[in-house]
Amino acid sequence: MDAREDQMRQMTEAALSFASLPGEERTVQRWLSDQLSELGFETYEWEPDPELLGAHDSFPPVDDLELEDRPSVAGVLEFGDPDAGPTVVLNGHIDVVPADDDDWDGDPFAARWDDGRLYGRGAVDMKSGLMACVFAALAVRDHAENLNGRIVVESVVGEEEGGIGAATAAASNPYPFTRDVALIAEPTEFDLVVASEGSLMKRLTLRGKSAHAAKRWEGESVLPHFERIRGAFEQLEEERATRVTHDLYDQFENPWPVNFGTVRAGSWASTVPSKLTSELRIGVAPHETITEVESEYRQRLDEVVAESEWLTDHPPEFERFSVQFEGSEIDPNEPVVRLLHDVAHRYGGEDFEISGFTGGTDARHYLDAGIPTVVFGPGSADVAHQPNEYIDWEDVVTGTEIIAKATEQYLEKI
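Below or above, wherever it landed, is the structure these notes cover.

Reading the values: rules and limits
The residue numbers shown here count from 1 along each chain, following its written sequence. Local features in a predicted model are, by the rule used here, given only for residues with pLDDT of at least 70; side-chain atom pairs are given and counted only at 80 or more, and totals for whole chains, interfaces and linings are based on all residues. Note that the side-chain values use all heavy atoms of the structure and ignore hydrogens as well as water. Orientation is described by lines fitted to C-alpha atoms, with helices fitted over the stretch in contact, and by angles between N-to-C directions that extend from 0 to 180 degrees. Here a strand is any run of E in DSSP of at least two residues, a helix any run of H or I of at least four, and the numbering for each starts at the N terminus. Just so you know how the angles are binned, under 35 degrees is roughly parallel, over 145 roughly antiparallel, 65 to 115 roughly perpendicular, and the rest oblique. Handedness of a helix crossing follows the sense of rotation of the near helix relative to the far helix, less than a right angle counterclockwise being left-handed and clockwise being right-handed. Only heavy atoms enter the contact rule, under which two residues are in contact if any of them lie within 4.5 Å. Three classes are used, and their members are as follows: Ala, Val, Leu, Ile, Met, Phe, Trp, Tyr, Cys and Pro are nonpolar, Asp, Glu, Lys and Arg are charged, and the others, Gly among them, are polar. The criterion is simple. A nonpolar core is a set of buried Ala, Val, Leu, Ile, Met, Phe, Trp, Tyr and Cys residues joined through side-chain atoms within 4.5 Å. Burial classification: accessible surface area is computed with a 1.4 Å probe over protein chains only, and a residue below 20% of its type maximum counts as buried, one above 50% as exposed, and the rest as partly exposed. Think of a 1 Å grid over the protein atoms and nothing else: a 1.4 Å probe that fits but is trapped marks a cavity, an open set flanked by protein within 12 Å on at least five of seven lines marks a pocket, and residues with an atom within 4 Å of a point count as lining. Grid points are joined across faces, edges and corners, and a volume is the space filled by probe spheres set on the points. A helix is expected to span 1.5 Å multiplied by its residue count minus one. Throughout, the arc means the angular range of directions from the helix axis out to the C-beta atoms. Being paired, for any two strands, means DSSP has found at least two bridges between them.

### Re the packing of helix 1 (residues 3-16) against helix 2 (residues 26-38)
- Orientation of helix 1 relative to helix 2, taken along the N-to-C sense of each, is 160°, at an axis distance of 10 Å. By the criterion of interaxial angle, the relationship of helix 1 to helix 2 is roughly antiparallel. You can see that helix 1 and helix 2 cross each other, and the crossing is right-handed. Counted together, Met11, Ala14 and Ala15 of helix 1 and Val28, Trp31, Leu32 and Gln35 of helix 2 form the full contact between these two elements.
- For the contact of helix 1 with helix 2, the residue count by class is six nonpolar, one polar and no charged.

What follows is the structure, encoded as C-alpha cells:
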C-alpha cells in the first residue's frame, strides 16, 4: 500500500466516525474543511439558501426544513492557467441515514475491517466515494505539469432530504468561476448512470364514521374504501409499466412503482375505523414531470370517488408532503459520458454499462443548472441504508484511479 492510499484509508475511517445524520453534519464538515486545507485545497463554504429552497419544487415549505448551521464545503485545486481550461466538479454527500445499533454487529459509527471490506454507516453511501473524489483530485495534481483548469471537490449536506446543499450550490454557484461538468460518486458498481428516476410523495387521508364494533353497520369503515383506492393505484402502476417506456429501464419488471409506505387507521379494536392516513411514494420516469404523474393518479382517484356515494360526499385528501424528486437525464453521447466510459473500460478492465437508476440523485440539480453531470462511483447501492453497510476497499481504489484518469483526460482535451 502506498502512502497516498494509506492516507485515504485513514481519512475514510475518520469520516465514518462522525454520525453525520441529516441536520448534524456541521462537525464532520468542519473536520473535512481542515483536512482539505492541509492537503493544499482552497476551501469554500456555503449554507442552505432558504429563499431558493422555498421556491424550489422539490422541497416542502421552508418552515418544515432544518437549514441552520448546515454548511456544505468544497476544496478547489487550480492548474496552470485555470481560466484557460475547464472546471470539473467531483461531488459527494456527507449526510447518512440513521442506524439502529441493535441491527449491527458493532458500532455503526466506528470503522471496522473484515476481509478487505470496510464496514460502517456511510461506508458505501457515500463517504468512501467522497474520499475517492478527494484523492482522485490529488492524483491529478501529481501529474498536472501541462494542465489548465480546476477541480472542485464538493461535500454537500442534506442529500437524503432531497439535496439541500447541492440544490443551493447548483442554482446559486458559491464559486467565483463557472463549472463545466460534474461527477457524483454515488455507489453505482461502476456503471455510468445517465438517468435517474423521480418520485412523487403523497399523503392520502380518508374519513368514515365511527361506531361501536357490536353495531359496526351503523358506522362507515375507511378500510374498504382504502382497498379500492389501493387496487386502482396498483392497476395504474401496471398500466404505466407497459405504457411509459425508457430504454435504460427495460430490465426492471416494475420501473415506476407505487408504494404505500405507511398506513394508519382506527383508534380502538372495538370501534369502527373512521380515519385513515397513508403515505405513498410514486415512481416518475426520467422524462416525466411529477406534475404529470400526479395528475394521472389524481384522475384515477377521482374515478374511484365517483363510484362511491360515501367518498363523493366525503372526498379524500390527496396532498403532497416531504421532498419531491424530479427525474433527470443526460444524453449518453455527451462528451463527459463517453470519455468516462472509455476510461472505465480501459482502466477498470470491464466494459461498464451506461444505465438508469431507480432512485433519485443530486445530479438533477446540476443538470437543471445546465451542468452536464454523470453519476459514477464504487460500491453497490444494494447495501446502502442497510445494517452492516460495507464497501470492498479494492473498489474504492479502482474508483479513485478511474475518476482521476477521466478528470485528467478531460482537462487535457478541453
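### Some thoughts on the nonpolar core
- Core analysis: the largest hydrophobic core is formed by 70 residues, its most contacted members being Phe41, Val134 and Phe376.
- The leading source of residues in this core is helix 4 (residues 123-141), at 13 residues.

### Here we look at the layout of surface pockets
- Approximately 780 Å³ is the volume found for the largest pocket.
- Lining of the largest pocket is provided by 28 residues; of these, Pro187, Phe357, Thr358, Gly359 and Ala381 occupy positions nearest its centre.
- Element by element, the count of residues in the lining of the largest pocket is highest for strand 14 (residues 354-357), at three residues.
- Among the residues making up the lining of the largest pocket, the classes are represented as eight nonpolar, 12 polar and eight charged.
- Approximately 350 Å³ is the volume attributed to the second largest pocket.
- Forming the boundary of the second largest pocket are 15 residues, of which Asp2, Arg4, Ala139, Thr400 and Glu401 lie nearest the centre.
- Counting residues per element, the ones that place at least two in the lining of the second largest pocket are helix 1, helix 4 and helix 11 (393-413).
- With six residues, the top contributor of residues to the lining of the second largest pocket is helix 11.
- For the lining of the second largest pocket, the class distribution of residues is six nonpolar, two polar and seven charged.

### With respect to helix 6 (residues 223-243)
- Taking 1.5 Å as the rise per residue, helix 6 with 21 residues should run 30 Å; its terminal C-alpha atoms sit 30 Å apart, in good agreement.
- Those residues of helix 6 that fall on the buried side of the exposure criterion are His225, Phe226, Ile229, Ala232, Phe233, Leu236, Glu237 and Arg240. One side of helix 6 carries all its buried residues, which in axial view fall inside an arc of 150°. Facing away from the buried surface of helix 6 by more than 90 degrees, the exposed residues are Glu238 and Thr242.
- The inward-facing, buried residues of helix 6 contact strand 9 (198-207), strand 10 (258-265), strand 11 (275-284), helix 7 (290-306), helix 8 (309-313) and strand 12 (317-320).

### Some remarks on the sheet that holds strand 11
- In spatial order, the strands read 10-11-9-12; together these four strands make up an open sheet with antiparallel pairing. Looking at strand neighbours, the two that pair on one side only are strand 10 and strand 12, the edges of this open sheet. Taken pair by pair, the neighbouring strands of this sheet meet at an average axis angle of 20°, ignoring direction.
- Its contacts with the sheet put helix 6 on strand 9, strand 10, strand 11 and strand 12, and the angle it makes with strand 10 is roughly 175°.

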